Amino acid sequence: MTSKLLGEKMVAEQVVTKQQLREALGRQRLHGGRLGQNLVALGYLSEDQLSKFFHHIPPAPDSLAATGLNFEFIADLALKHILHIGEFRLSDLAERIGLPASMLDEVIEFLRREKLVEVRSASQFVKSSFRFIITETGKIRAGELLEICHYAGRAPVTLDAYREMVEGQSIRNIFVDEEAARAAFAEIVISDHMVHRLGPAISSGAPIFVYGPPGNGKTTISEAIGNALPETIYIPYAVQIEGEIVAVFDPVNHSPVKEPAAGQNGSDSSQEAIDRRWVKIRRPVIITGGELTMRMLDLEFNPIAKFYQAPLQMKANNGLFIVDDFGRQQISPQQLLNRWIVNLDRQIDFLALHTGMKFEIPFDQLVIFATNLEPRTLVDEAFLRRMRYKIKIDHPTDSEFRRIFQRVCAANSIDYEDALCDYLIEHWYRRHGLPLNACHPRDLVGHILDHSRYAGQPPQLSREALDRACENYFVEM
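Analysis parameters
- Residues numbered from 1 in each chain as written.
- Predicted model: local features only at pLDDT ≥ 70, side-chain atom pairs only at ≥ 80, totals over all residues.
- Heavy atoms only, no water.
- Buried < 20%, exposed > 50% of the residue type's maximum accessible area, 1.4 Å probe, protein only.
- Helix = DSSP H or I, 4+ residues; strand = E, 2+ residues; numbered from the N terminus.
- Pairing = 2+ DSSP bridges.
- Patch = residues over 30% accessible without salt bridge, like charges linked within 9 Å, V, L, I, M, F, W, Y side chains within 5 Å.
- Areas by Shrake-Rupley, 256 points an atom, 1.4 Å probe, with all protein chains shown as cover.
- Salt bridge = Lys/Arg side-chain N within 4 Å of Asp/Glu carboxyl O.
- Lys, Arg positive; Asp, Glu negative; His and termini not counted.
- Charge placed at Lys NZ, Arg CZ, Asp CG, Glu CD.
- Polar contact = N/O pair within 3.5 Å; in protein donor to acceptor, adjacent residues only side chain to side chain.
- Contact = heavy atoms within 4.5 Å.
- Axes fitted to C-alpha atoms, helices over the stretch in contact; angles between N-to-C directions.
- Core = buried A, V, L, I, M, F, W, Y, C linked by side-chain atoms within 4.5 Å.
- Expected span 1.5 Å × (residues − 1).
- Parallel < 35°, antiparallel > 145°, perpendicular 65-115°, else oblique.
- Nonpolar A, V, L, I, M, F, W, Y, C, P; charged D, E, K, R; others polar.
- pLDDT = per-residue confidence, 0-100.

We now examine the pairing of strand 7 (residues 244–247). On strand 7, burial covers both faces: Glu 244 and Val 246 on one face and Ile 245 and Ala 247 on the other are all buried. Here strand 6 (residues 238–241) pairs with strand 7 via 4 bridges, running antiparallel. Considered in strand 7, the bridge of Val 239 is made with Val 246. Linking strand 6 back to strand 7 in an antiparallel pair, the connection comprises 2 residues, with Glu 242 at a positive phi of about 50°. Here strand 7 pairs with strand 11 (residues 307–309) via 2 bridges, running parallel.

A separate point is the sheet that holds strand 11. Remark on secondary structure: sheet strands pair via backbone hydrogen bonds, oriented parallel or antiparallel. Taken together, 5 strands build an open sheet; the order of strands is 3-6-7-11-10 and the sheet is mixed. Two strands bound the open sheet, and with one partner strand each, they are strand 3 (157–158) and strand 10 (300–302). Two strands pair when backbone bridges link them, and strand 10 and strand 11 are joined in this way by 3 bridges, in the antiparallel orientation. Of the residues in strand 11, the one forming a bridge with Asn 302 is Phe 307.

Negative charge collects at one region of the surface, where Glu 13, Glu 164, Glu 167 and Glu 360 lie side by side. Within the secondary structure layout, Glu 164 lies in helix 9 (residues 159–168). A relative accessible area of 45% places Glu 164 in the partly exposed class.

Considering the arrangement of structural elements, one finds Gln 365 in strand 15 (residues 365–371). Here Gln 365 falls in the buried class, since its relative accessible area comes to 1%. In this structure the side chain of Gln 365 is engaged in a polar contact, spanning 3.1 Å, whose partner is the side chain of Asn 317. When near neighbours in sequence (up to four residues on either side) are disregarded, Gln 365 contacts Ile 171, Arg 172, Gly 205, Gln 313, Ala 316, Asn 317, Gly 319 and Phe 321.

Checked against the element boundaries, Leu 21 lands in helix 2 (residues 18–31). A relative accessible area of 10% means that Leu 21 is categorised as buried. Remark: the alpha-carbon pair of Leu 21 and Ile 404, spanning 383 residues in sequence, is separated by 50 Å.

What follows deals with the sheet that holds strand 12 (residues 319–323). Read from one edge of the open sheet, 5 strands run 9-12-15-4-16, paired in parallel fashion. Unpaired on one side and paired on the other, strand 9 (285–288) and strand 16 (389–392) mark the two borders of the sheet. Taking each pair of neighbouring strands and ignoring which way they run, the sheet shows an average axis angle of 15°. Bridging between strand 4 (residues 208–211) and strand 15 involves 4 bridges; their strand directions are parallel. Across the sheet, the residue bridging to Val 210 is Ala 370, located in strand 15.

Turning our eyes to something else, we now look at the nonpolar core. Within the largest apolar cluster, 37 residues are counted, with the highest numbers of intra-cluster contacts made by Leu 104 and Leu 111. Contributions of two or more residues to this core are made by helix 5 (71–85), helix 6 (90–97), helix 7 (101–113), strand 2 (130–134), helix 8 (136–148) and strand 7. The leading source of residues in this core is helix 5, at 8 residues. If sequence neighbours within four positions are ignored, Leu 104 has contacts with Ile 74, Leu 90, Leu 93, Ala 94, Ile 97 and Leu 99.

End to end, helix 17 (residues 398–411) covers 20 Å across 14 residues, agreeing with the expected 20 Å (1.5 Å per residue, within 8%). Along helix 17, the residues that are buried comprise Glu 400, Phe 401, Ile 404, Phe 405, Val 408 and Cys 409.

This next bit is on unusual backbone geometry. With phi around 50°, Asp 325 is a residue other than glycine that occupies positive phi space. Note that Asp 325 resides in the loop between strand 12 and helix 14 (333–346). A relative accessible area of 32% places Asp 325 in the partly exposed class. If you check the backbone angles, Gln 347 has positive phi at about 60° while not being a glycine. Within the secondary structure, Gln 347 is located in the loop between helix 14 and strand 13 (348–352).

Closest axis-to-axis distance for the helix 5/helix 7 pair is 10 Å, and the angle between their directions is 75°. Between helix 5 and helix 7, the crossing angle belongs to the class labelled roughly perpendicular. Counting all contacts with helix 5, which are made through Phe 71, Ile 74, Ala 75, Ala 78 and Ile 82, the residues of helix 7 involved are Leu 104, Glu 106, Val 107, Ile 108, Phe 110 and Leu 111. Among the residues forming the contact of helix 5 with helix 7, the class breakdown is 10 nonpolar, no polar and 1 charged.

A complete count under the given rule lists 23 salt bridges for this structure. Between Asp 298 and Arg 339 there is a salt bridge whose closest N-O contact spans 3.4 Å. Here the residue Asp 298 occupies a position in the loop between strand 9 and strand 10, and Arg 339 occupies one in helix 14, the gap between them amounting to 41 residues. By relative accessible area, which is 32% here, Asp 298 ends up partly exposed. Note that Asp 398 is salt-bridged to Arg 430, the shortest N-O span being 2.5 Å. Placement of the pair is Asp 398 in helix 17 and Arg 430 in helix 18 (residues 418–432), with a sequence separation of 32 residues. By relative accessible area, Arg 430 is classed as partly exposed at 41%. Residues joined by salt bridges that share partners form a network here, namely Asp 76, Arg 141 and Glu 144.

Quick look at the environment of Ala 465 now. Topologically, Ala 465 is positioned in helix 20 (residues 463–473). The buried category is assigned to Ala 465, whose relative accessible area is 5%. Excluding residues that lie within four positions of it along the chain, Ala 465 makes contacts with Ile 448 and Gln 460.

A separate point is the confidence of the model for the protein. On average, residues of the protein score 89 in pLDDT, and 95% of them reach the 70 mark or higher. In the model, residues 262–272 has pLDDT below 50 throughout and makes 18 contacts with residues more than four positions away in sequence or in other chains.

Right, dumping it as structure tokens:
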């Protein structure tokens, strides 16, 4: 979301006045930075107010109309759920669909009038105690609906609601300071100089091009950046677009954060309750490598289930998307650039349904391209220009190599000795002209562990063990 659009939203929600926005935009032109930071600097917002604005919690809809879904769709979705759950109460159905039970009362009454469900039993004369069951007519109708579309998850949200939520949680609104950056890289050996280069890159939300010789931590560092992404976000289980369902939540790539149940502090129809069509997750970290194809960047329609799966970049919105081993994909770097040239410039993406209907979604993610190939043999100047940060991950220094080796030994309960590491560096690396690689300690210790298991002895670091590991690991030319 641009500063102007963000400001207009702030004015519309009465967070700031038009005059305050004009002053903040003027200060931004002079001093740079983000709109929110300038509003705070001018004293028009506090840090807490700014944080609250960017951490919108989706409230539960107070009516069926507020869901943006038509009544028939909700009734059909309810019937598909009912087919699978057998005997149920209204609260059971509400939990599965993600809508307040009070709103589904009207839906159940409609299904009863159509003789698709009936009351099985009741412990009291209140509807919440009624137990319902699907009728034979209902089973036939539910089967017909499943032939049209198998989707039977949480009720979807509208495309407009999805766009608004993504823009409000933008990766470009995050703030990462030095403390957060250091914490993100605490588990790996990395120089202060590199932390100082990576920190601003993460905080910017702009694309990063990471390159350098293989085996020196480009992938590890890229994945660790995900630890620096602050806060949590909300994503929908699914989005409805022109009557079609696009599943967004992916338990493989999304990590849910436990949220209090809606209605825990009162009626589930309260505006304070959370819309359960959304799931709270950590900012996603999605990584793809040589398996990436052009089809994986488009909507995937399942001809059997009759609904769509969101593409990788849609699942990565508000988070981190790592294109690992860039240049080794099943599509050329130029093809990927052509596909994403608008995305990287304007932060939007265009997708199409199998009907041919095209629509726009936000492209809001920190994109990292990591490669061990020579950059200028991969891409042209137009691509590199769109990469605000270009960071080379080189071979470790002697001291960094020793620290890595020491950590690997400690992780595997092996006593570390500086003298033996010195022997390794001088006798193997210096003598044979081998470069120090960050992955070598892990791999060499792996050989030592393999031999100790084979020999039935505890693993031990020694010259003999290092020589044996190096003979098996390095290729003699």
